[in-house]
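Results of the structural survey
Here are the chains, one letter per residue:
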Amino acid sequence: MSLELPSGLNPQSQAQDASFFELLRRHDLEPAWDVGAGDGRFVRAPEATTILALRYADGVVMVGDRRATEGHTIAHRRMQKVYPADGYSAVAIAGTAGLAMEMVKLFQTELEHYEKLEGTRLSLEGKANHLARMVRQQLPMVFQGLVVVPLFCGFDEEAGEGRLYTYDVVGGRYEEDDYAASGSGGREAKAYLRSVFRDDLSEDDALRHGIAAIAAAAEQDTATGGPDPRRGIYSSAVIVDRAGYREVDEDRVATVSNQVMGDDQ
Amino acid sequence: MTLPYYVPPEQLMKDRAEFAQKGIAKGRSIIAVEYADGVLMLAENSSKALNKIGEIYDRLAFAGVGKYNEFEALRVAGIRHADLKGYSYGRSDVSAKSLANAYSQTLAAVFAETVKPYEIEILIVEVGDTPDDTVMFRVRYDGTLVDEEGFCAIGGQEDELTSRMKERFESGLDRAAALRFAAEAFERVEDRQIGPEEWEAAVLDRTNGRRMFRRLSADEITSARS
């Protein structure tokens, strides 16, 4: 196998040299689903449900439940919906699980590819814009009922603060300065966060509110998985701050979840 | 009508090889040394912006000597190869061996088919789970592929550095000792002191998590050498 050498600056070519997606496209490897015009029948595939993120004093906390549903049945109990995008950002997914996971993998590769080629990370704004483009590319699938709506957050190294972005199905990108939630239980989670959120929360409080909001959503929404002590399944939570991305220890999430559940009773 | 004049292939290849070797001999060397937790790469490079050593993938790194634009193009091609492979299959399927083979094919083709051969030499390093799984491949301007063990030098002062290191190398060094070993070899061969700002150093270290590549700062180099 021979290597593809970079062409340098070619005025005829529109190719972005540092883009992994362009590279996939040149090799005909980009994830694409050749769907005809919708005939009214929707494809049915597992759905990832409730995710949320909230800003606090030093950064952003992101939490997701673990349930994936297919129609009215539970498809998976331990699905991961919150992922690292790179060392300083995180992405969470709601919607058609298969498409969303592929999108995350492509997004992660894209950020790492850029970082290695250019020797520097994309700005947080740049990452958020790129994700918007990826959501927009999914638009034809929306007409088949296959929707992916991510949440994106990260630590802006230039501004020195955590930032949070939401998306709509057509790739609209919105920056939020407090909290956001998406997925089937997103409404309930947001209602909970609205009642408890204030500026400059501590990390502990932000984490507790995030986990409690998922539990509150699970109370109302069958597609959201609440804490499951019997099987040892708890929400996944991550923190992005000045030190970068880190996953919150499962034991810590379990402890907080049990406290939150105890508070309710 | 004039006949195209005949050049015997032996002569043609010899001329090209000489041309490439001359270009490489002008450049400064790079050393790679295995230590207990990984591999250290060290180069003398006063530029902070133009690197000779770079990350390719989780466990893979690249080092190049010679003409910057040529080895930079190969570095970019290597990252593309690795990212495509890791994306299409799995992250653990990206290996130094397959990458080194691809480099070898590419450089052999460039050497034989283009007007000017590349004036470069490159090194591909992969750190395995144990020191036994660690591999280093050196690819020459004509595509010749050599695998090295323990330590290795490429570039202008390759022979002097290699013989110097051969006398003193021991396996199982820690990172600071490996850095002292490599820096001392450079300074002996060059017969002068080299300041901390003039080094470019990076490691592939098993303790760094998934992405093992990390550059060492001038402060880290100073403290390791003191």
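What comes next is a walk through the structure.

The subject of this paragraph is the overall build of chain B. When helices and strands are counted, chain B shows six helices and 10 strands. The C-alpha radius of gyration of chain B comes to 18 Å, within 12% of the 17 Å expected for a compact globule of 226 residues. Its C-alpha atoms put chain B at 70 × 50 × 30 Å along the principal axes. For chain B, the residues scored as buried account for 52% of the 226 residues in total. Counting contacts in chain B only where the partners sit at least 6 residues apart, residues at least 24 apart contribute 66% of the total. Total accessible area computed for chain B in this model is approximately 10600 Å², and 50% of it derives from carbon and sulfur atoms. Considering chain B, the positive charge centre built from 30 side chains and the negative charge centre built from 39 side chains are found 3 Å apart.

Another point: the sheet that holds strand β11 (residues 179-182) of chain A. All names here are of chain A. Across the sheet, five strands lie side by side as β11-β2-β3-β12-β13; this open sheet has antiparallel pairing. Taken across any chain shown, the strands that pair with only one partner, and hence form the sheet edges, are β11 and β13 (244-247). The sheet shows a mean angle of 15° between the axes of neighbouring strands, direction not considered. In terms of strand pairing, strand β3 (residues 59-64) meets strand β12 (residues 236-241) through six bridges, oriented antiparallel. Counted as the bridge partner of M62 is V238 from β12.

Where interface size is quoted, it is often the accessible area lost as the parts come together. In this complex, chain B contributes 24 residues to the contact, which on the side of chain A involves 23 residues. Both sides together, the interface formed by chain B and chain A hides about 2200 Å², and carbon and sulfur atoms give 59% of it. Taken as a group, R80(B), L84(B) and Y87(B) account for 39% of the area that chain B buries against chain A, more than any other trio of residues on that side. Our count for the chain B to chain A interface comes out at four salt bridges. Where E112(A) meets R91(B), a salt bridge forms, and the shortest distance between an N and an O atom there is 3.3 Å.

Basis of the calculations
- Residues numbered from 1 in each chain as written.
- Chains lettered and ligands numbered in written order.
- Predicted model: local features only at pLDDT ≥ 70, side-chain atom pairs only at ≥ 80, totals over all residues.
- Heavy atoms only, no water.
- Helix = DSSP H or I, 4+ residues; strand = E, 2+ residues; numbered from the N terminus.
- Rg over C-alpha atoms; globule rule 2.2 N^0.38 Å.
- Buried < 20%, exposed > 50% of the residue type's maximum accessible area, 1.4 Å probe, protein only.
- Contact = heavy atoms within 4.5 Å.
- Areas by Shrake-Rupley, 256 points an atom, 1.4 Å probe, with all protein chains shown as cover.
- Lys, Arg positive; Asp, Glu negative; His and termini not counted.
- Charge placed at Lys NZ, Arg CZ, Asp CG, Glu CD.
- Pairing = 2+ DSSP bridges.
- Axes fitted to C-alpha atoms, helices over the stretch in contact; angles between N-to-C directions.
- Buried area = accessible area lost by both parts, 1.4 Å probe.
- Salt bridge = Lys/Arg side-chain N within 4 Å of Asp/Glu carboxyl O.

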